[in-house]
Amino acid sequence: MTRDSKGGARCCAPRNRELSTSLKYLPYDRHAKAVQLRLLRGRRLFLLLLVALLAVKVVLAAVTPPSMPVVYYLEAQSYSRSPDSGNLWGRFNNATLSLWYLIPIDHPSLETFLTSQSIFLPFSLQVLLLLVKLPLIGADILIAYIMFRLGKLLWPMTNRPYTASLLWFANPYATFVTEMMGAVDVIPVAFIMLALLLIVKKKHLLGAASLAAGIAVKLFPIVALPAVLYSSRIAGSRRVKILVSATLAVCGLVAYVIWSQFPFSEAYYTQSTTEFILGEQSLYGIAVTPDFIGLATFTVVISYLLAYEFRPEMLQRPLTMALFALLGYLAFLDFQVEYILWIIPLFGFANLKVKKTISLFIAILVTAFTLGFFTADGFTTSSGWTLLFFNRSTEWAVILLSSQFIDLVLRPILRTLLTAFMLLSMFLLWSSKNDPLPQNPHADTLAVQ
Amino acid sequence: MTIKLALPKSLDPRLILVFGVGMLVRMIYAVYAPLSGDWRAWYMIGIVNVYNQPSPIFGIYTAPPYIFAAFYALWLRLPISHPDPASIVTFPTWGVPPYFQPTPAALIFVLMMKLPALISDAVIAVLIYKMLGDSGASRNRICFAVSAWLLNPLTLVLVNLNNVDSIPLMFVVFSAFLTERRKYGLASFSLIAAGLMRLLAFIALPFLIVKTARARDWRGLLSTTVPIAVVFIPIITWLTLVRPDALALFQGRPGLYVPEALDVFGSALRLQGIEYPENAITLTTLAYVIVLAMITDPSKDSRLGLVAAPFLVYTAFSWVWHTMLVYGIALGLIQIARGKGYKTLTVMLTIAGFLWILVQVGYYICLDQASFLFIPLYNSTLKQLSNQCVNLYGLLFSSGFSVQIRGVFSALIVILIIRLISGTAPKQGRDLAYDASQLTYSPTDKAY
């Protein structure tokens with residue numbers, strides 16, 4: 001090795017240049033070119049697909065009948081003493097509404113959301129819906145980009161980054177929940193993914209800040225916090241840094257509590273309740289007393305403790321551990337169709353390595369969608385039209401959704417199946433010999449090259 | 001003949017400091033903390049029914065009142081003024097000044113009456129030290145575990161909130177200590193002594209019996225069952241036949257403690273709803289049987305688990321009243337100190353336990369005449385604060401926050417049970433002396 005005047009190794013660049021020059025004449029040259037060409041074609045196809053999917057998403061966001069929460073937030077300011085008009089999401093909706101009023105188009109009454117008998121709303125209201133859902137679409141794109149970046153770090157010379165990105169962006173479940181339903185869950189999911197990307201890039205403090213931002217929006221990213229902190233610790237971060245990270249998370253929690261006006265507001269009793277309660281399923285019944293055990297919280301804590309006790313190597317992989325804990329959390333959380341969104345990006349990554357989980361991934365999405373369909377009365381909106389563009393009052397819908405068989409038999413079975421699939425997925429992640437989500441992407445990169 | 005007053009060379013000076021500070025804090029807290037209902041009941045029965053009106057043994061109640069009576073007699077013999085105890089104990093707003101202006105005599109009286117519990121506390125600390133020392137734990141671990149018992153705000157509050165449970169708890173921990181030394185007979189006696197104060201303690205007896213039977217340790221089996229035959233069965237039979245009223249009092253609330261321990265009543269996983277009780281599964285009983293089967297496996301050698309596991313199962317899953325938490329925590333601290341991550345786990349257990357009792361007994365903070373956190377509720381200037389406490393407590397209670405705290409707490413306890421079952425506890429020092437193959441064993445932190 002050539003050395004400089006101080007005896008140290010010279011900068012690697014000239015040496016790498018020499019190496020790359022010599023590589024040109026190696027017999028692998030043709031193969032490398034073929035790989036590059038394939039990647040180039042893959043990239044073009046990927047970009048085309050992204051644009052097409054984005055167009056579909058934008059259209060769906062505009063034309064889908066607005067869900068109850070979307071209408072509620074848009075009209076929140078008209079309710080007397082509504083605390084939701086003052087919180088973060090309420091303020092955004094108010095601002096969007098003001099912006100909409102500035103646009104030189106018709107401005108029909110918001111009551112049209114409730115009274116419209118047509119499947120499609122007037123164009124101006126569709127513009128309003130699109131404006132409201134723009135941040136969600138932005139978060140959607142951000143997640144796709146993060147997944148691509150993570151994929152590039154993990155599998156640089158393959159098409160897997162594109163697949164990983166499409167597993168999210170082309171996922172019909174994610175599109176339904178985000179663009180059609182208008183659930184805000186995609187924003188904290190984006191923060192979680194950004195946090196994990198930063199963690200993998202060894203930017204632990206920024207990762208913790210991102211997670212804290214996610215917690216400030218909605219509580220559930222706190223489930224991933226131990227994974228983030230622990231990975232920071234084993235990466236050799238100083239205790240002060242870890243403490244700062246934890247403090248950031250606490251700040252996020254405080255912000256969440258403040259903007260949701262917990263606990264001294266009506267908001268606490270309405271939409272925030274389900275967010276605050278980490279799984280209200282108790283072991284013993286429905287009533288809530290201190291003697292009941294919150295199964296969702298129990299499962300999260302026991303997941304981390306079991307990993308710490310028996311599979312410490314899992315804790316070295318924040319993506320796997322976060323997915324593991326989120327699956328346990330969701331398995332026993334009170335069911336909402338949008339909650340399944342939380343695991344889709346990480347589960348998508350796991351599928352690329354652990355093939356056995358693909359069938360479970362599909363089964364979870366199908367079961368959750370079916371269960372959500374029956375739980376949310378066929379995804380009925382305030383106007384009577386459902387998110388799936390059929391009228392709730394049609395004869396077949398009335399017969400299907402009013403059946404006692406659904407309430408007494410089908411829904412409990414589907415809920416049980418959903419939990420079973422999630423627990424099975426956890427088991428597969430636990431027992432998998434493959435490293436589903438490598439801890440050190442740089443090491444993996446070198447191995448591939 | 002000379003008497004050596006020097007401390008053992010192996011004794012860590014930090015332990016002496018921890019012990020001194022811990023006991024001092026406990027004494028101060030014990031004197032000033034509000035008097036719990038159980039303490040008042042045991043004390044009143046002890047003084048009124050045992051000391052002033054001597055009655056036949058077990059005529060009214062079991063052992064604790066007699067202990068109280070003995071200390072009451074001791075107090076009477078002290079050369080100080082003796083105010084009427086009833087005026088002290090029934091003082092309505094016991095707490096910090098200005099609600100209570102304690103005289104020295106009153107303080108000494110309360111201290112004397114709480115001395116049995118304080119002594120038990122100290123003995124438990126010594127037993128933790130001995131048990132961890134026997135198992136070859138490092139000085140740091142021993143010191144941390146003893147601190148986790150004596151300086152822990154959770155145990156401070158739990159023990160002093162009731163002031164009676166530390167006495168049976170001392171016998172339970174002593175039983176675990178003896179079990180680790182394979183002295184099953186004495187361990188059984190100790191459990192029976194504890195059980196005569198709290199029926200809960202009997203839940204560990206089947207573990208000792210099944211373990212010795214499955215290990216074909218016939219001598220151990222005989223040692224375990226003899227105390228049951230000689231002490232337990234005659235007393236219970238006599239009480240049942242002759243003094244059923246005493247038995248009812250002995251149980252406190254009829255039928256509560258043992259069923260509570262095995263959780264026949266409330267803690268059921270209802271598979272089909274309450275209208276089909278035959279489909280309900282009592283989780284604690286289920287967990288109890290499974291843990292019993294696993295921990296008494298002859299291939300496992302978790303002797304601490306024989307006593308600790310049933311109490312941990314009870315703490316994790318049962319309908320647990322806050323004062324009973326201490327049974328699981330005392331034994332849990334020993335097991336935590338033997339495993340990895342002991343500091344983190346201890347802190348987590350403390351925080352979860354403290355939050356739980358804050359939520360569960362929130363009315364102690366908000367509604368009762370005095371709070372164990374010394375919040376003077378009848379102070380007019382703080383009335384608004386206390387009202388806010390009531391509101392906050394109501395919100396936390398109804399929100400399910402308490403449910404989640406219980407979830408965290410139970411998960412921590414369950415991991416300890418798993419550790420006990422999986423036999424991750426280190427070999428005991430006493431065993432090492434017998435086992436020449438353990439020469440590589442090093443009693444350092446890395447050994448765990």
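Above: the structure in question.
Here we summarise the structure given alongside this text. (Residues numbered from 1 in each chain as written. Chains lettered and ligands numbered in written order. Predicted model: local features only at pLDDT ≥ 70, side-chain atom pairs only at ≥ 80, totals over all residues. Heavy atoms only, no water.)

1. Considerations on helix α6 (residues 123-154) of chain A
Since the α-helix packs 3.6 residues into each turn, any two residues three or four apart lie on the same face.
Alright, step 1. Between its terminal C-alpha atoms α6(A) stretches 44 Å, which fits the 46 Å expected from 32 residues at 1.5 Å a residue.
Alright, step 2. The largest bend along α6(A) measures about 45 degrees and falls at A:Lys133, with the proline A:Pro135 one to four residues further on. (Helix = DSSP H or I, 4+ residues; strand = E, 2+ residues; numbered from the N terminus. Expected span 1.5 Å × (residues − 1). Bend = angle between axes of the 7 residues up to and from the residue.)

2. Thoughts on the packing of helix α1 (residues 13-32) of chain B against helix α5 (residues 104-134) of chain B
Residue and element names in this part refer to chain B.
Alright, step 1. Closest axis-to-axis distance for the α1/α5 pair is 9 Å, and the angle between their directions is 150 degrees. With respect to their mutual orientation, α1 and α5 come out roughly antiparallel. Between α1 and α5 lies a crossing of right-handed hand. For the pair formed by α1 and α5, the contact residues are Leu15, Phe19, Met23, Arg26, Met27, Ala30, Val31 and Tyr32 on the first element and Leu107, Val110, Leu111, Lys114, Leu118, Asp121, Ala122, Ala125, Val126 and Tyr129 on the second.
Alright, step 2. Looking at the contact of α1 with α5, its residues break down into 15 nonpolar, no polar and three charged. (Axes fitted to C-alpha atoms, helices over the stretch in contact; angles between N-to-C directions. Parallel < 35°, antiparallel > 145°, perpendicular 65-115°, else oblique. Left-handed = near helix turned anticlockwise from the far one by under 90°. Contact = heavy atoms within 4.5 Å. Nonpolar A, V, L, I, M, F, W, Y, C, P; charged D, E, K, R; others polar.)

3. Looking at the side chain of B:Arg303
Residue and element names in this part refer to chain B.
Alright, step 1. Here Arg303 lies in helix α15 (residues 303-317).
Alright, step 2. A relative accessible area of 4% means that Arg303 is categorised as buried.
Alright, step 3. Only 2.6 Å separates the side chain of Arg303 from the backbone oxygen of Glu180, close enough to count as a polar contact. (Buried < 20%, exposed > 50% of the residue type's maximum accessible area, 1.4 Å probe, protein only. Polar contact = N/O pair within 3.5 Å; in protein donor to acceptor, adjacent residues only side chain to side chain.)

4. Structural notes on a nonpolar patch on the surface
Alright, step 1. Judged by side-chain polarity, A:Phe405, A:Leu408, A:Val409, A:Ile413 and A:Leu417 come together as a nonpolar surface patch covering roughly 450 Å² of accessible area.
Alright, step 2. Looking at the element boundaries, A:Leu417 is found in helix α21 (residues 404-431). (Patch = residues over 30% accessible without salt bridge, like charges linked within 9 Å, V, L, I, M, F, W, Y side chains within 5 Å. Areas by Shrake-Rupley, 256 points an atom, 1.4 Å probe, with all protein chains shown as cover. Salt bridge = Lys/Arg side-chain N within 4 Å of Asp/Glu carboxyl O.)

5. A short note on the packing of α5(B) against helix α16 (residues 325-338) of chain B
Residues and elements named next belong to chain B.
Alright, step 1. Running from N to C, α5 and α16 point in directions that differ by 30 degrees, and their axes come no closer than 11 Å. The orientation of α5 relative to α16 falls into the category roughly parallel. As α5 packs across α16, the resulting crossing turns out to be right-handed. Of the residues in α16, those in contact with Ile128, Met131 and Leu132 of α5 are Ile334, Ala337 and Arg338.

6. Points about the packing of aromatic side chains
Alright, step 1. Counting across every chain of the model gives 25 aromatic pairs over all chains.
Alright, step 2. When the centroid spacing of 5.9 Å and the interplanar angle of 70 degrees are considered together, the rings of A:Phe373 and A:Phe379 count as edge-to-face. Taken as a pair, A:Phe373 and A:Phe379 share a single burial class, namely buried.
Alright, step 3. A ring pair is formed by B:Phe311 and B:Tyr327, whose centres lie 6.1 Å apart and whose planes are at 15 degrees; its orientation type is stacked. Here the residue B:Phe311 occupies a position in helix α15, and B:Tyr327 occupies one in helix α16, the gap between them amounting to 16 residues.
Alright, step 4. Note on B:Tyr327: relative accessible area 1%, which makes it buried.
Alright, step 5. Put simply, the rings of A:Tyr173, A:Phe176, A:Phe369, A:Phe373, A:Phe374, A:Phe379, A:Phe390 and A:Trp396 pair up and form one aromatic cluster.
Alright, step 6. Sitting above the plane of the A:Trp155 ring, A:Arg160 keeps its charged end 5.3 Å from the centroid. (Phe/Tyr/Trp six-rings, centres within 6.5 Å; stacked < 30°, edge-to-face > 60°. Lys NZ or Arg CZ within 6 Å of the ring centre and 35° of its normal.)

7. A short note on the nonpolar core
Alright, step 1. A:Trp168, A:Met193, A:Tyr329, A:Ile340, A:Trp342, A:Ile343 and A:Met422 are the most contacted members of the largest nonpolar core, which totals 110 residues.
Alright, step 2. Grouped together as the second largest cluster of nonpolar side chains are 103 residues, B:Val18, B:Met131, B:Ala308 and B:Val326 included. (Core = buried A, V, L, I, M, F, W, Y, C linked by side-chain atoms within 4.5 Å.)

8. As for the pattern of salt bridges
All names here are of chain A.
Alright, step 1. Within this structure, the stated rule accounts for ten salt bridges over all chains.
Alright, step 2. Between Asp140 and Lys57 there is a salt bridge, and its shortest N-O distance comes to 2.7 Å. Residue Asp140 is found in helix α6, and its partner Lys57 is found in helix α2 (residues 29-63); the two are separated by 83 residues along the sequence.
Alright, step 3. Taking the relative accessible area as the measure of exposure, Asp140 reaches 0% and is therefore buried.
Alright, step 4. The partner of Asp185 in a salt bridge is Lys218, with the nearest N and O atoms 2.8 Å apart. In this pair, Asp185 sits in the loop between α8 (172-180) and α9 (186-200) while Lys218 sits in the loop between α10 (204-217) and α11 (225-234), placing the two residues 33 residues apart along the sequence.

9. Describing the environment of A:Ala397
Residues and elements named next belong to chain A.
Alright, step 1. Note that Ala397 resides in helix α20 (residues 395-401).
Alright, step 2. For Ala397, a relative accessible area of 0% translates into the label buried.
Alright, step 3. In this structure the C-alpha to C-alpha distance between Ala397 and Gly378, which are 19 residues apart in sequence, comes to 8.1 Å.
Alright, step 4. Leave out the neighbours within four places in its chain, and Ala397 touches Phe390, Asn391, Arg392 and Ser402.

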